[in-house]
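Tertiary structure, described
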Amino acid sequence: MFFPRRPSIALAAALASALALAACSGGDGGGSDDGGPAEPVSADQFEEAMSTPTELTFWTWVPDIENQVAMFEEAYPEIDVNVVNAGQGLDQYTALRTALRAGQGAPDVVQIEYQYLSSFLVGGDLLDLSPYQGISDLESEYPDWVWEQVTRDGAVYGIPQDTGPMGLLYRDDLFAEAGIAPPTTWDEFAQAARTYREAKPDSYITDFPPNQAGQMIGLMWANGAQPFSYDGEETVSIDLDTPEVTEVVEYWQGLVQDELVAVDPDFTDQWYQGLSNGTYATWVAAAWGPVFLQGSAENTSGLWRAAQLPQWEAGGQSTGNWGGSTDAVVASSANPIAAAELARWINVEQEPALALATEQFLFPPSQSVLEDPAFIDAAPEFYGGQQVNQLFAEASEQVNTDFGWLPFMDYVYSSYEDVMGPAIANRGDMVGALAQWEQQLEGYAEEQGFTVE
């Protein structure tokens, strides 16, 4: 589950030492002696592993995931799972790297956000799950872009848990008062921003936060940009000087400099108040946003609606992703078969996967849940009875497939806040800051021993 938070650089120091471990991998069943793929786990091996008394440790910050774990333990009575909240996001990753370096205390299964999977490939810390029971057959269960996020060269490094395809949440009443309709293109959005500002000079059509790299990167993703990539070894690509990236930054620079959008940091008291009191008429959000907003702006129930993300060309169908997690198996696990089955079972079997979507409100990655009437037909009063889940399920089919990450995304986010953030907050030269951001990332990559293409 994705929870918005302030990034840090807590993992940066670990990368250098992780590079030294790049040739190493651990855990039974993770691969053959020559580094090639392991033999598929047989039915007999699986049955033996799942009927042998075993204790697994599962690190996750998903609330009440003990419910899904209890279902798993009922299905496999010999397996006991110890659920541990070792911190959210970067806090957990720091604890995980510490345990891995110490050679003790690491979990069997661990929640990892998509953008951080590659940072654990540096040291060979994650198990290739493709040889394990049923996992290699899961590709058809997901939109292509989701499967691309967890695989590399035929290896599978995580089971998708939730995603964040992007869309637009807007105040239907405020749009009506300003005489504007939900924009379908970014040109229409810019015109609507001007019209709205003229009609309501004390508020804005939206907020463009200076501290939110995740949103900006998602908008680049939606425009077909591929700013980052990593070969899984020592070579990275950092390319922020492309038409797709520049178009996004120039567009928002125009809105920011013309004071047509707010530039308040998000997930702060001021920002929450802005959503509640009408200071912002929209939120360019992800699929986890609708539920998040219901809890953050309860007094506006019935006033919000959802729409697809505006397009760069009329009639286009493209969006990006912002957020989401996987469940991965640590390569050093002494019980890889049971661990792989735990990661698969709670996210793939219909009962636990549907409960994650309808009870814990994680936006589902799998087609079976995205198409389940119990999920797709929900019509929350907060959105005037609109079937918001269906809209974002359609968006999930429109996310660009080819998008990669760097093995130091924690630094990418903190650097964005340091370099791009002031340009946004001061309504200054965002395009110039973009070039500085690229230079800073390239310099950091080289300092860490990576080859920059």
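Note that the structure is predicted; figures quoted are calculated from it, not measured.

Next up on the list: the sheet that holds strand β12 (residues 451-452). Within the open sheet, the three strands sit side by side as β7-β8-β12. Their pairing is mixed. Of all the strands in the sheet, the pair left with one neighbour each is β7 (228-230) and β12. Note that strand β8 (residues 235-238) and β12 share two bridges and pair parallel. Bridge assignment links T235 to a residue of β12, and that residue is T451.

Let us now look at the layout of surface pockets. In this model, the second largest pocket occupies a volume close to 420 Å³. Lining the second largest pocket are 20 residues, and of these E148, T151, R152, F403 and G404 sit closest to its centre. Elements that contribute at least two residues to the lining of the second largest pocket include exactly α5 (114-121), α6 (144-150), β4 (151-152) and β7. The dominant element in the lining of the second largest pocket, judged by the number of residues it contributes, is α5, at four residues. Among the residues making up the lining of the second largest pocket, the classes are represented as nine nonpolar, seven polar and four charged.

Note that T326 resides in strand β11 (residues 321-329). Beyond its immediate sequence surroundings of up to four residues, T326 is in contact with V110, Q111, I112, Y114, L117, V150, G158, I159, P160 and Q161.

Tallied over the entire structure, the rule returns six salt bridges. Between R171 and D173 there is a salt bridge, and its shortest N-O distance comes to 2.8 Å. Taking the relative accessible area as the measure of exposure, R171 reaches 7% and is therefore buried. Judged by its relative accessible area of 21%, D173 is partly exposed. Among the salt bridges present, the one from K200 reaches E177, with a minimum N-O distance of 2.7 Å. One end of the pair, K200, is in the loop between α8 (186-199) and α9 (213-222); the other, E177, is in helix α7 (residues 172-178), and 23 residues separate them in sequence.

About the criteria used
- Residues numbered from 1 in each chain as written.
- Predicted model: local features only at pLDDT ≥ 70, side-chain atom pairs only at ≥ 80, totals over all residues.
- Heavy atoms only, no water.
- Pairing = 2+ DSSP bridges.
- Helix = DSSP H or I, 4+ residues; strand = E, 2+ residues; numbered from the N terminus.
- 1 Å grid on protein atoms, 1.4 Å probe; cavity = no way out; pocket = protein on both sides within 12 Å on 5 of 7 lines; lining within 4 Å.
- Points joined across faces, edges and corners; volume = space filled by probe spheres on them.
- Nonpolar A, V, L, I, M, F, W, Y, C, P; charged D, E, K, R; others polar.
- Contact = heavy atoms within 4.5 Å.
- Salt bridge = Lys/Arg side-chain N within 4 Å of Asp/Glu carboxyl O.
- Buried < 20%, exposed > 50% of the residue type's maximum accessible area, 1.4 Å probe, protein only.

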